[in-house]
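Secondary and tertiary structure notes
The residues making up each chain are set out below.
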Amino acid sequence: MSLPPVGDGQLLTEDEKEKYSEMARRWRAEKSAQASGKQPPNQISPVPAARPTQIQRSASFPDATSLSWKSDQAVLGNIFYFLNIFSHGELPSHCEQRFLPCEIGCVKYSLQDGIIADFHRFVDPGEVPRGFRFHCQAASDATHKIPISGFELSSAGCPVLLRELYSFVRPNCSRWSPVYCKSDDWYRVNWCLKWMAKEAGTEIQLELLSVEDLVVKLYQRKFLKEPSKTWVRNLLDVFMWDYSSNTRCKWHEENDILFCALATCKKAAYCISSSLASVYGVSLTAAHLPLQDHDSNNHINPKMVVLDAGRFQKLRAENPGCNRYFSSPVQKQGAASSTGEHPSGVTSPYRTSTMRGRGITRLLESVSRLSTSSSS
């Protein structure tokens with residue numbers, strides 16, 4: 001059995017790793033059969049049966065080397081599509097269905113005009129593979145919280161949904177434009193697109209590229225040198241717009257859930273606008289970056305970190321209404337659960353934990369209670 005040189009394991013692609021893992025399993029099975037002098041039970045051959053047919057991980061991402069622009073004006077007018085698809089977790093590699101797509105978001109964007117349009121749908125993932133319901137439910141609860149069943153908003157079938165997505169990316173039967181997603185999401189998004197195309201009985205028409213490669217090319221054109229991929233990833237992995245208005249879909253916004261497929265697409269557009277608009281001489285508008293949720297001169301900033309507990313106590317005594325800015329999302333969920341409320345669109349009940357989070361909010365509340373009791 002030919003194996004790669006020691007120390008090069010980290011250089012292997014996912015496809016090569018799977019290949020050598022399979023070879024190692026076969027070699028161990030043959031050695032085990034030879035040592036025992038008999039065939040393993042319930043098997044005709046010591047070689048393990050082939051895995052179910054599945055879409056293998058690509059050896060490498062399609063790159064954006066073909067991207068080129070004749071002028072800065074061509075860059076500004078170029079339309080980009082940012083896409084993401086959420087799933088109820090990732091199933092093990094031996095499963096034929098690796099993902100259960102549940103939400104899809106896409107944004108139409110240009111440097112000149114900002115976000116031009118957006119597309120958002122909830123996907124019906126179908127039947128959960130037997131034995132993985134708890135796994136999928138736990139993955140959903142830890143991220144986007146989309147129910148794995150009984151969700152009335154995920155009613156569109158794959159043929160309809162894929163046709164609507166194609167119409168959004170390719171209006172008026174024009175040429176197909178590439179779509180972009182973060183490299184960490186590429187395998188999941190690509191798998192889900194192919195799965196939906198298979199369910200719809202058609203071929204996938206979209207070319208999925210890495211948004212990191214796009215940012216590198218945009219910087220390279222202007223500065224004639226490439227920024228590091230690590231720097232670009234850090235640029236895109238920001239949280240400053242997590243609570244901005246008109247960023248998440250309506251359901252995630254109403255239920256105060258951060259993980260949203262549409263939000264990830266919009267935040268990619270925000271990052272590009274924030275970092276490259278000035279480079280290309282573009283004036284930022286509300287289509288490039290979200291408007292401020294509150295006027296900082298008249299309202300408390302809900303995202304600030306309270307470091308001065310004494311000042312906070314005085315402020316809260318003068319204005320009791322400010323408490324809502326510092327309430328824990330877990331506390332809100334617990335209150336909703338205790339009154340029997342559930343996120344909109346859920347037809348089957350799901351229990352919500354009423355455990356209160358730890359942190360500065362609880363600390364300040366305990367200090368407040370102590371000060372109140374001592375004063376009385």
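Presented here is an overview of the structure given in this document. (Residues numbered from 1 in each chain as written. Predicted model: local features only at pLDDT ≥ 70, side-chain atom pairs only at ≥ 80, totals over all residues. Heavy atoms only, no water.)

Description of the pairing of strand β3 (residues 114-122)
Sheet topology places strand β2 (residues 99-110) next to β3; 8 bridges connect them, and they run antiparallel. Residue pairing in the sheet places Tyr 109 in a bridge with Ile 115 of β3. Where β2 folds back onto β3 in an antiparallel hairpin, the turn is made up of 3 residues. (Pairing = 2+ DSSP bridges. Helix = DSSP H or I, 4+ residues; strand = E, 2+ residues; numbered from the N terminus.)

Let's talk about the pairing of strand β1 (residues 80-90)
Burial analysis of β1 places 10 of its 11 residues in the buried class, which makes it a mostly covered element. Judged from the 9 bridges that link them, β1 and β2 form a sheet pairing that is antiparallel. Note that in β2 the partner of Leu 83 across the bridge is Cys 106. When β1 meets strand β4 (residues 179-181), the two strands line up parallel, connected through 2 bridges. Residue Phe 82 lies in a different strand from β4, and its bridge partner there is Tyr 180. (Buried < 20%, exposed > 50% of the residue type's maximum accessible area, 1.4 Å probe, protein only.)

Quick look at the packing of aromatic side chains
To describe a pair of aromatic rings, you give the distance between the ring centres and the angle between the ring planes. All told, the structure shown has 14 aromatic pairs when counted by the stated rule. On the basis of an interplanar angle of 75° and a centroid distance of 5.9 Å, the ring pair of Tyr 81 and Phe 168 is categorised as edge-to-face. Note that Tyr 81 is positioned in strand β1 and Phe 168 in helix α4 (residues 158-169), a separation of 87 residues in sequence. In this structure Tyr 81 comes out as buried when scored by relative accessible area, which is 2%. Given a relative accessible area of 15%, Phe 168 falls into the buried group. When the ring of Phe 151 is compared with that of Trp 251, the centres are 5.2 Å apart and the planes differ by 70°; the resulting orientation is edge-to-face. Of this pair, Phe 151 sits in the loop between α3 (133-142) and α4 while Trp 251 sits in helix α8 (residues 250-254), and the two are 100 residues apart along the sequence. (Phe/Tyr/Trp six-rings, centres within 6.5 Å; stacked < 30°, edge-to-face > 60°.)

Description of the environment of Thr 202
Tracing the backbone through its elements, the reader meets Thr 202 in the loop between α5 (186-199) and β5 (208-210). Under the relative-accessibility criterion, Thr 202 is labelled partly exposed at 36%. Taking the C-alpha atoms as reference, Thr 202 lies 9.6 Å from Leu 162; in sequence the two are 40 residues apart.

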